[in-house]
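Chain by chain, the residues:
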Amino acid sequence: EIQMANKYNIMDTAGSRHFFAVERTDCCRRQMQTMWCHDCASWEVDISHTPPGFPANPFLELKRPCQLTCCCFNRPIASVIDKRTGVKIGSFRDPCTCCSLRFQIRDE
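Below is a short write-up of the structure. (Residues numbered from 1 in each chain as written. Predicted model: local features only at pLDDT ≥ 70, side-chain atom pairs only at ≥ 80, totals over all residues. Heavy atoms only, no water.)

## What to know about the nonpolar core
Formed by Ala 21, Trp 43, Val 45, Ile 47, Leu 60, Leu 62, Ala 78, Val 80 and Phe 92, the largest nonpolar core amounts to nine residues. Of all elements in the fold, only strand E3 (43–49), strand E4 (57–64) and strand E5 (77–82) reach the threshold of two or more residues within this core. At three residues, E3 tops the list of elements feeding residues into this core. Setting aside its immediate chain neighbours within four residues, Val 45 contacts Ala 21, Val 22, Glu 23, Leu 60, Glu 61 and Leu 62. (Core = buried A, V, L, I, M, F, W, Y, C linked by side-chain atoms within 4.5 Å. Buried < 20%, exposed > 50% of the residue type's maximum accessible area, 1.4 Å probe, protein only. Helix = DSSP H or I, 4+ residues; strand = E, 2+ residues; numbered from the N terminus. Contact = heavy atoms within 4.5 Å.)

Spelled out as C-alpha cells, the structure:
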C-alpha cells in the first residue's frame, strides 16, 4: 500500500477549523514510516492558521530529521519553527513508552 501525504484539520470544540496541517514528507520517507524503521524516518509538517472567513496564513513548521533510534536509545527530537520568522521556538521528543502516546515538550 502506498502512503499519501497526510492532511489534518485542527478544530475547536464547536467544530470550527482554526489550523490546517499538511505533511511535506516525500513518498520514499512516508513508506519508511510504515516499515521497521518508522522511528528513524524524518518528516516535515506545515501548519497554517485558518481563521473562519480569512485566508490561510503560514504559522508553524514541524521538522524531525532522520536519526538512528533503537527502543529507548537516541529518541528523535522534532523542532517547532515559526514559519514567518524562521526562528526555532521549541521542540518535542517522543520518549519510548509502551502502549501510550506521550511527548516531552522542550523550550528553546
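What follows picks up the thread again.
## Overview of the pattern of salt bridges
Tallied over the entire structure, the rule returns four salt bridges. The salt bridge involving Arg 24 is made with Asp 46; its shortest N-O contact spans 2.9 Å. With Arg 24 in the loop between strand E2 (17–23) and helix H1 (27–32) and Asp 46 in strand E3, this pair connects stretches of sequence that are 22 residues apart. Overall, the relative accessible area of 18% leaves Asp 46 in the buried class. Linking Lys 63 and Glu 61 is a salt bridge whose minimum nitrogen-to-oxygen distance equals 3.6 Å. By relative accessible area, Glu 61 is classed as buried at 11%. (Salt bridge = Lys/Arg side-chain N within 4 Å of Asp/Glu carboxyl O.)

By themselves, these are just geometric observations and shouldn't be taken as functional.
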